[in-house]
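Summary of the model geometry
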2 protein chains.
Amino acid sequence: MTQARLMDGTALARRIVEESAKRAADLTERTGSAPCLATVLVGEDPASVTYVRMKQNRCRKAGIVSRHVELPAATTTAELVGTLRELSADPAVNGILLQHPVGDHIDERAAFEAIAPEKDVDGVTFASFATMSFGLPGFVSCTPGGILRLLDAYDVDPAGKRAVVVGRSAILGKPVGMLLLARDATVTYCHSRTQDLSAAVREADIVVAAVGRPRLIRGQDIKPGAVVIDAGYNPGNIGDVDFDSAVARASLITPVPGGVGPMTIATLLEQTVTAAARQLGV
Amino acid sequence: MTQARLMDGTALARRIVEESAKRAADLTERTGSAPCLATVLVGEDPASVTYVRMKQNRCRKAGIVSRHVELPAATTTAELVGTLRELSADPAVNGILLQHPVGDHIDERAAFEAIAPEKDVDGVTFASFATMSFGLPGFVSCTPGGILRLLDAYDVDPAGKRAVVVGRSAILGKPVGMLLLARDATVTYCHSRTQDLSAAVREADIVVAAVGRPRLIRGQDIKPGAVVIDAGYNPGNIGDVDFDSAVARASLITPVPGGVGPMTIATLLEQTVTAAARQLGV
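Note that the structure is a prediction, hence the values are computed from the model and not measured.

Under the domain assignment, chain A is made up of domain 1 (32–118) and domain 2 (141–260). Using C-alpha coordinates to define each centre, domain 1 of chain A is positioned 29 Å away from domain 2 of chain A.

Here it is, written out as structure tokens:
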């Protein structure tokens, strides 16, 4: 039985980060200041602390300055909005990342909307969602944008293909569907209320699993030759796709880990450099 | 052969307008000022002039004041943006409608974004698209919102159903798909690049045709018992659905005219009254 080719997100992400580092160095040389990403963390959730630290480390290695803002867990929506507005107005800050989650007592949407669209390098604002949806210039949500880059790198042109997105989160499912639609795929959104998920997935030339349920998508549901993108993260490095059965049916598949995962930070770094270049007019 | 039941948009729209008129009268009595819709027209395109006049007439009959702003065809983007910002800041204006199209030399998106979201009763801003997409409170695009009202009025619950939207315009196809997704339908977007449109439409429990191609969708493509919403307008009052063949397969179908059409203005008037009530805090 033939096996799908693996889509190597680690290697592609490395290339994107290297290129971003070159652009960052060039920009620093030409303008005298390095691109700057502000990371904002509310509270001390251990996973969030780890994520933010990882992003800062990756920034530093790429020649991007990171400015870290730590706020106590008891921060109010108004205080967080105030901080994000200050960063939005600060010419020394090129990109802003608000680490999710911010705590249930905070209106996260109000916080996101306080990020200036031109600094929304994480692609979380209404404006970024709309520009993704309408195929207009703007920043993309990092994981969805990374998925499109992976498809491009493996010469998968979504135009005219049937794409099925399983999951409809604001930061992953919905935007990746919109990006695929903007690239002329025929896009179907499936989710927890979908009645016959297997039947819907079987129609797909491109499957994007983005729902956070371990091994939900099984090989028998994959159309032979389909491209399978597993954007699910579940405890124990288990994806939303049952890899062992899917790899026997797909033509291309992302492993977990090493597929979609590395693309998220790479996209964040790339967009931060792009934001700096645009703001500095170079 | 059984025939589909007709979805009477004319009657439903009349009820919505009557109810909006009552709310407008109540609001006028309580606050001393009637709800006000500002209509902005750029140039003298005859169809646009007719549309705007129709909207103004319908406003007047519903007890909504309309303030009309006519700008010359040579208006620049900056001038139009300035006008829309003034109206957005004017406490006497509750809703703003910018009549489409505005002319090729104008950045229509920049103009739309100059409309304050809380006055975007036509549902054209990025913010309105995002709130529709994320199931958040806000104003809906009028035709998509009207379609959802029609479904509700005929007890069609989208949850768990397969909905196929043919068309992906910013003002109709994309938002109606997002509204259906927010109501838990499994949503497929088809468009000009879709390879086998007939096969995709045959999967649909709910078909929304919104593409502007006369009689594109034929009865043979309709799943027996499906609900067919024809949001297409083509010269000669011809819809995107071939009514005569579709009516024999569908369970419910919107006629053209008298289906989706009347719902658009009804939604505009209803949202204008809602905007006024919110702004006045009553």
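After presenting the structure, the write-up continues.
Once that is clear, we can look at the pattern of salt bridges. Pairs can form between side chains of opposite charge whenever their charged atoms are close. Enumeration over the complete set of coordinates arrives at 26 salt bridges over all chains. A salt bridge links A:Arg149 to A:Glu270; the shortest N-O distance between them is 2.6 Å. Highlighted residues: A:Arg149 in helix H6 (residues 142–153) and A:Glu270 in helix H10 (residues 261–280), separated in sequence by 121 residues. By relative accessible area, which is 30% here, A:Arg149 ends up partly exposed. Residue class for A:Glu270 comes out buried when judged on its relative accessible area of 16%. Measuring nitrogen to oxygen at the nearest pair gives 3.4 Å for the salt bridge that ties B:Arg162 to B:Glu203. Of this pair, B:Arg162 sits in strand E5 (residues 162–166) while B:Glu203 sits in the loop between helix H8 (197–202) and strand E7 (206–209); the two residues are 41 residues apart in sequence, bridging distant segments of the chain. Exposure class is identical for B:Arg162 and B:Glu203. Each is buried. Here the salt bridges share partners, and the residues they tie into one network are A:Arg162, A:Glu203, B:Arg162 and B:Glu203.

A few words on the interface of chain B and chain A. Tallying the contact residues gives 30 residues for chain B and 30 residues for chain A. Of the roughly 2,700 Å² buried at the junction of chain B and chain A (both faces included), carbon and sulfur atoms supply 64%. Area buried by chain B at its contact with chain A is led by B:Phe126, B:Phe134 and B:Leu181, which between them contribute 22% of it. Remark: the boundary between chain B and chain A carries 6 salt bridges. At the surface where chain B touches chain A, the tally comes to 17 residue pairs in polar contact (both at pLDDT 80 or more). Grouping the constituent residues of the side of chain B that touches chain A by class yields 15 nonpolar, 8 polar and 7 charged. As paired strands, strand E6 (residues 186–190) of chain A and strand E6 (residues 186–190) of chain B are joined by 3 bridges and run antiparallel to one another. Following the sheet pairing, A:Thr188 is matched in E6(B) by B:Thr188.

Turning next to the UniProt feature "binding site: NADP(+)" (unreviewed entry) in chain A. Feature annotation in UniProt assigns "binding site: NADP(+)" (unreviewed entry) to the following positions: A:Gly167, A:Arg168 and A:Ser169. Along the polypeptide, A:Gly167 turns up in the loop between strand E5 (162–166) and helix H7 (173–182). You can call A:Gly167 buried: its relative accessible area is 4%. Beyond its immediate stretch of four places on either side in the chain, A:Gly167 contacts A:Gly173, A:Tyr189, A:Cys190, A:Ala210 and A:Val211. Relative to the assigned elements, A:Arg168 resides in the loop between E5 and H7. Residue classification places A:Arg168 among the partly exposed positions, given a relative accessible area of 21%. Filtering out sequence-adjacent residues up to four positions away, A:Arg168 remains in contact with A:Gly173, A:Lys174, A:His191, A:Ser192, A:Arg193, B:Leu181 and B:Asp184. Polar side-chain contacts of A:Arg168 include one of 2.8 Å to the backbone oxygen of B:Leu181.

Turning next to the pairing of strand E4 (residues 95–98) of chain B. All names here are of chain B. In E4, alternate side chains face the same way, and those of Gly95 and Leu97 on one face and Ile96 and Leu98 on the other are all buried. As paired elements, strand E2 (residues 36–42) and E4 share 4 bridges and run parallel to each other. Bridge pairing links Ala38 to Ile96 in E4.

On to the packing of aromatic side chains. If you walk through the whole model with that rule in mind, you get 6 aromatic pairs over all chains. Both rings, one in A:Phe134 and one in B:Phe129, keep their centres 4.7 Å apart while their planes meet at 50 degrees; by these two values the pair is tilted. Of this pair, A:Phe134 sits in helix H5 (residues 126–134) while B:Phe129 sits in helix H5 (residues 126–134), placing the two residues on different chains. For the pair formed by A:Phe134 and B:Phe129, the shared burial category is buried. Residues A:Tyr189 and B:Tyr189 carry aromatic rings whose centres are separated by 6.4 Å and whose planes lie at 75 degrees to one another, so their mutual orientation is edge-to-face. Of the two residues, A:Tyr189 sits in strand E6 while B:Tyr189 sits in strand E6, which places them in two different chains. Here the two residues A:Tyr189 and B:Tyr189 agree in accessibility, since each one is buried. An aromatic cluster is present here, built from A:Phe126, A:Phe129, A:Phe134, B:Phe126, B:Phe129 and B:Phe134 joined pairwise through their rings.

Most often, soluble globular proteins keep nonpolar side chains buried together rather than apart. Within the largest apolar cluster, 106 residues are counted, with the highest numbers of intra-cluster contacts made by A:Ile147, A:Leu180 and B:Leu180. Those residues in contact with A:Leu180 that sit more than four places away from it in its chain are A:Leu148, A:Leu151, A:Pro158, A:Ala163, A:Val165, A:Ala185, A:Val187 and A:Val208.

This part takes up the environment of B:Gly63. Residues and elements named next belong to chain B. In this structure, Gly63 sits in the loop between helix H2 (46–61) and strand E3 (65–71). What makes Gly63 partly exposed here is its relative accessible area of 35%. Through-space distance from the C-alpha of Gly63 to that of Ala34 is 6.9 Å; in sequence the pair is 29 residues apart. Sequence-distant contacts of Gly63, that is, excluding residues within four places in its chain, are made with Ala24, Ala34 and Pro35.

All names here are of chain B. One way to put it is that helix H1 (residues 9–31) packs onto helix H6 (residues 142–153) with a least axis distance of 11 Å and a crossing angle of 100 degrees. Classified by the angle their axes make, H1 and H6 are roughly perpendicular. Here Gly9, Leu12 and Ile16 of H1 lie close against H6, whose contacting residues are Arg149, Leu150 and Ala153. For the contact of H1 with H6, the residue count by class is 4 nonpolar, 1 polar and 1 charged.

The rules we used
- Residues numbered from 1 in each chain as written.
- Chains lettered and ligands numbered in written order.
- Predicted model: local features only at pLDDT ≥ 70, side-chain atom pairs only at ≥ 80, totals over all residues.
- Heavy atoms only, no water.
- Domains from an automatic or database assignment.
- Salt bridge = Lys/Arg side-chain N within 4 Å of Asp/Glu carboxyl O.
- Helix = DSSP H or I, 4+ residues; strand = E, 2+ residues; numbered from the N terminus.
- Buried < 20%, exposed > 50% of the residue type's maximum accessible area, 1.4 Å probe, protein only.
- Contact = heavy atoms within 4.5 Å.
- Buried area = accessible area lost by both parts, 1.4 Å probe.
- Polar contact = N/O pair within 3.5 Å; in protein donor to acceptor, adjacent residues only side chain to side chain.
- Nonpolar A, V, L, I, M, F, W, Y, C, P; charged D, E, K, R; others polar.
- Pairing = 2+ DSSP bridges.
- UniProt positions renumbered as here; feature names shortened; annotations may be inferred.
- Phe/Tyr/Trp six-rings, centres within 6.5 Å; stacked < 30°, edge-to-face > 60°.
- Core = buried A, V, L, I, M, F, W, Y, C linked by side-chain atoms within 4.5 Å.
- Axes fitted to C-alpha atoms, helices over the stretch in contact; angles between N-to-C directions.
- Parallel < 35°, antiparallel > 145°, perpendicular 65-115°, else oblique.

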